[in-house]
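Structural characterization, general
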Amino acid sequence: MTRELCLVGVLMAVTGVGLRAEPSTTAGLEGAHAKSLPLLDDVYNNLVVAVSGDPAENVSELLENLINVVQEASNVLTKATGDRIKFGKMTVLFPEHWEILSPILPNTKVESVYLASAEAPHLLVADKHPVIAAPAWTQHRLPCGHPGDFIFLDRSFLNDTSDSRRGKKLAQEWAKYRWGVFEEHGYKGDPLYPFTREGTEAGKEENNLCLDGGNWLKSTSSLLSLADNHGEDEWKSIIQFCDSENHVFTESRHNNLCQGKSAWEIMRSHADFALNSSEPASGLIINVEHLRREYIVLLVEYTADMVNVDHKWEYLHDSVIQYLLHDLAWGTKVWVMAFASDVHLVAEVALTSAGARQAAAEALRQFANETEPGLCRDLQMAIGEAATVLYSNPLARDHGKIILITQPPDEVPSENFFCHEMNAVDLGSAQSGRQVMSILYITNASSNTTWYETMASNPPGKVLRVEDSHATLHTKIKLLDYLHQLDQASSDGELLQEIPPSKEPGCVKTFLLEDTLLPADGFLVIHREKDSNGTVSLHNSEGDQNLLLGQPELLDTADLFSVLFTIPGPWNLTLGNTDCTSVIPVVFVKRKSGFADVLDMGALVNLAEPQETVPDEPTLTQGTVGHPSALSRWPGLSGPVARSRLKEEAVLVDVRVSAPLQDVALGDSSDPVVMTARVTKDGKAVLGGVVVATVTECSGDGDCETRIPLFDNGSGAPDATGGDGVYSAYWHSANSSAAVPLAAAALVRAAAGENAAVLEVPVAECCPSTLLQRNVTSLGSFEASGVLRARVTRAGTLPPARVSDLTVTCSAFNFTSGRASVRFMSPFMIKATGQSYGIWYSTSAGVNTADHPNVQEFWTGSPGDPVEQDISVQCGSMLFFLVVGTSGRLQGKDSNLARAFCPCAPASGSPVVAIVLGVVGGIALVAVIALSVFYRDKISHLWHTHCKKKPNRAEPNRVEPSSAELNRIEPNCADEANQEPIYAEIPSSNRPLPDIPPTSPPIFEEVTCANA
């Protein structure tokens, strides 16, 4: 294709109107961790890399390989961006089950960091990924110009020191991840992004690549055109990104989603390039962090003294459930144990998902409902079993702790308070060096705390007293305060902050949110008496914010609401239908772990889940009190059973949008908001699901709901890659006339479709328009949901989406016309009247959609339906096609430019046909004559055999025909071929003969055919 033609195609794609247009900077994008890399003097000073998988044999060597690859990528980016981009500092996160010695490299210290406080990684290095098996790739769910989720690097990619392309490969992925560009090459067998494409001449193909002048050796060809199957020479020669001067029209993902703009045109709009070039960095500074989690045994007394006192157990029970559901830091490994005269392991779980938290809380509820409380306390045995559980986990031995919640005895204990006589030696032996934090619930002036002080002395622990004469809401809140203090991960990272409401009387409470905290997930706790029943509403300066409140978790003595806080300033909390003096509201703001956020995006299944071995029945270790283990595992949820149950039953839905949750601007056709839902089962992609979002935008009875189907079809409008378990749609609103800002809530439900399946084996290549699945397992019926809450700051109706998956194939119809088959996904977001699409085509890339379309069709189907239209076109040339959807007065934007060569069928009377027929006929005649000469003897033999009958042979018992019968039979050589031959010598054949019933052959006189 000529350069002029390429530029025309690019110009048309750039000036065309479409839902993928102007990319914005990444600042403020929800879920986009590229924003955490500030450009300081043009040097990236906060690159974070997380390593996972089985421990490497040589950790130092792995780290050195990583440093080399990042440094090589930095050098490539520096050269390709005119000294604007370079990496200056990198922090590497190693999992806790790896042994990391300090210093791992000279002048490199190792710091211990809690999982919940770890920064969001930009690069992930691991053995494998559950969806993609490519050595280096970027997960990118959002439109052109928006950042990716993460870059995944296979460990074998890093360790292959013979591969000189590693630095450029990482530089490619960085451009996709950071600046929102895409690859400029195709894939074999891909109908939308082909590896090669039809040339402008019939029967010829050309590379589908962005090569300057079609020349690999030009350094100004695009870095994004390089693919894994290209050779070393190509990888060495190309060192730049395309700009508007040398950009070439290709049928690639980049040209499609970025509407023909070059990579540099997209990149220049990013904040990274707002500064001038600077001096090169002196070198790459390395920090190493060793991740760890909190290990907590929550040991709770369950005796008649605790249960039978008014509200005492209810407050304790609900406090522990709130602690599990909301308060404990993400990633904490917790064992919930209950004790009296015996010990029960109620739950064992790592708090890395909402499902895990719910399962642990439900196990405690089930235990309390089905178990009778004990009469005495075997404190030594309970401490010994808790210490054994920690010791049995090699990662919990050194820094695991026991949080004991128990009632202390009086100064002179009653006879049956303790099950056995207490002594310091046995108690210390049972403790076995484990840290014990005791919360004494409830104490008074006569309480005896001797034994708890003993346990807190070595190793150093704590004794915290909840002092009161009886159980009240204030004692419950004090108990929760102590539990919060003992969650070291949350305290160190300031992950959980309480926002105290005003204490003025009445049912309206006010609390103030600082802008440094927002936007933030939080939760609202309404502590109440057991028989209280009330309602809650939320307001701020923008009005009713009830849609930002989640569905409450109803406990016996509290209501727990998750909530999204979006703007700073005063917020009001109104309590209704209740005695406001008997309830205590408490507001918390939670800072979500950046590390956890990347995991939720699908970075890895078990990055934070080392597969430690936990014995089914912990055994006593040397130094513990000498009695047989009395630990009983509660059947509700415990040990390996708990982990396997959570994995087998959970289909998870992770919902995100392409805009900041506090500033969702709908109705902007230049940058429409994209909603995505990642559906997984045990970390593996769920395919063939039916995913629908129900968006509610007001609390009244008006037209507040919009149903939005999401698709995993790779159409590009907006789903970037089909078959990866990420379902996408544009967020459009039926409430375009509403006053904004307003609160909105989206409930995204996923259910099994007709062909629902789980992707069992990762796909080898990333990423064609649709991943090729060969190893899937059928998935039965399921239902799962995810919720997203947001503040909508702009309303408006979107036009039909830009068609991004237009493909055309052409075939000959006759000698003057061809038949073009045009295929694309429906661009219409809702099902309504007055919807149509137009098809334009031209012999040049400058297709003018301002003219009347060549074909106009009304559309009555549903969103996401495939459209296929056959049209008659002039044959014998390359044709270029565009499609645009129209809904009422709203017109969509120009589709991707598709092209196809339309051949002509040969005319029946043309000289070409006559020549061809003459040549074929001559060849056939010569062949017949040659075969006749060569097989003349056999032909003669067969002729005489069929046409001349041999004389009868006398057979016994044969009845001779009468002369009259013989006279009725006349020789007819023309008919003899249809009669059964007699004594015919036919060569054998593999084909079966027809099944003809046997008959007695008539007897003929020898007859000579007249034409023989």
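See the structure above.
Calculation notes
- Residues numbered from 1 in each chain as written.
- Predicted model: local features only at pLDDT ≥ 70, side-chain atom pairs only at ≥ 80, totals over all residues.
- Heavy atoms only, no water.
- Helix = DSSP H or I, 4+ residues; strand = E, 2+ residues; numbered from the N terminus.
- Buried < 20%, exposed > 50% of the residue type's maximum accessible area, 1.4 Å probe, protein only.
- Areas by Shrake-Rupley, 256 points an atom, 1.4 Å probe, with all protein chains shown as cover.
- Disulfide = S-S within 2.5 Å.
- Phe/Tyr/Trp six-rings, centres within 6.5 Å; stacked < 30°, edge-to-face > 60°.
- Lys NZ or Arg CZ within 6 Å of the ring centre and 35° of its normal.
- 1 Å grid on protein atoms, 1.4 Å probe; cavity = no way out; pocket = protein on both sides within 12 Å on 5 of 7 lines; lining within 4 Å.
- Points joined across faces, edges and corners; volume = space filled by probe spheres on them.
- Pairing = 2+ DSSP bridges.
- Axes fitted to C-alpha atoms, helices over the stretch in contact; angles between N-to-C directions.

The next thing to look at is the overall build of the protein chain. Regarding its fold elements, the protein chain presents 21 helices and 44 strands. Within the protein chain, the proportion of its 1012 residues that are buried is 55%. Per element, the accessible surface of the protein chain, about 44500 Å² overall, is 52% carbon and sulfur.

On to the state of the cysteines, then. Scanning the entire structure with this criterion turns up six disulfides. Disulfide pairing places Cys766 opposite Cys767 at an S-S distance of 1.7 Å. Around the S-S axis, the bridge from Cys766 to Cys767 shows a dihedral of about -75 degrees and counts as left-handed. What pairs with Cys810 in a disulfide is Cys902, and their sulfur atoms sit 1.8 Å apart. With Cys810 in strand 37 (residues 807–812) and Cys902 in strand 44 (residues 898–902), the pair connects residues that are 92 residues apart, well separated along the chain.

Using the criterion set out here, one finds 20 aromatic pairs in the structure. Pairing Phe417 with Phe418 gives two aromatic rings, centres 5.0 Å apart and planes at 85 degrees, and the pair type is edge-to-face. Side by side, Phe417 and Phe418 carry an identical accessibility label, which is buried. Ring pairing ties together the aromatic residues Tyr44, Phe87, Trp174 and Tyr177, which thus form one cluster. Against the face of Trp235 rests Lys169, its NZ or CZ located 6.0 Å from the ring centre. Positioned over the ring face of Phe417 is Arg377, at 3.8 Å from the centre of the ring.

All right, on to empty space enclosed by the protein then. As enumerated under the stated definition, the model contains five cavities of 30 Å³ or more in all. Size it by volume and the largest cavity reaches roughly 250 Å³. Lining the largest cavity are 24 residues; nearest its centre among them are Phe711, Ala717, Pro718, Ser826 and Phe828. For the lining of the largest cavity, the elements supplying multiple residues, two or more each, are strand 32 (705–710) and strand 33 (726–730). Counting residues per element, the lining of the largest cavity draws most heavily on strand 33, which supplies three residues.

In this section: the sheet that holds strand 4 (residues 89–94). An order of 5-11-4-3-6-8-7 is seen for the seven strands of this open sheet, with the pairing classed as mixed. Of all the strands in the sheet, just strand 5 (110–114) and strand 7 (136–139) have a single pairing partner and so form its edges. Neighbour-to-neighbour, the strand axes of the sheet open up by a mean angle of 25 degrees, direction not taken into account. When strand 4 meets strand 11 (residues 285–292), the two strands line up parallel, connected through six bridges. Across the sheet, Val92 pairs through a bridge with Val288, a residue of strand 11.

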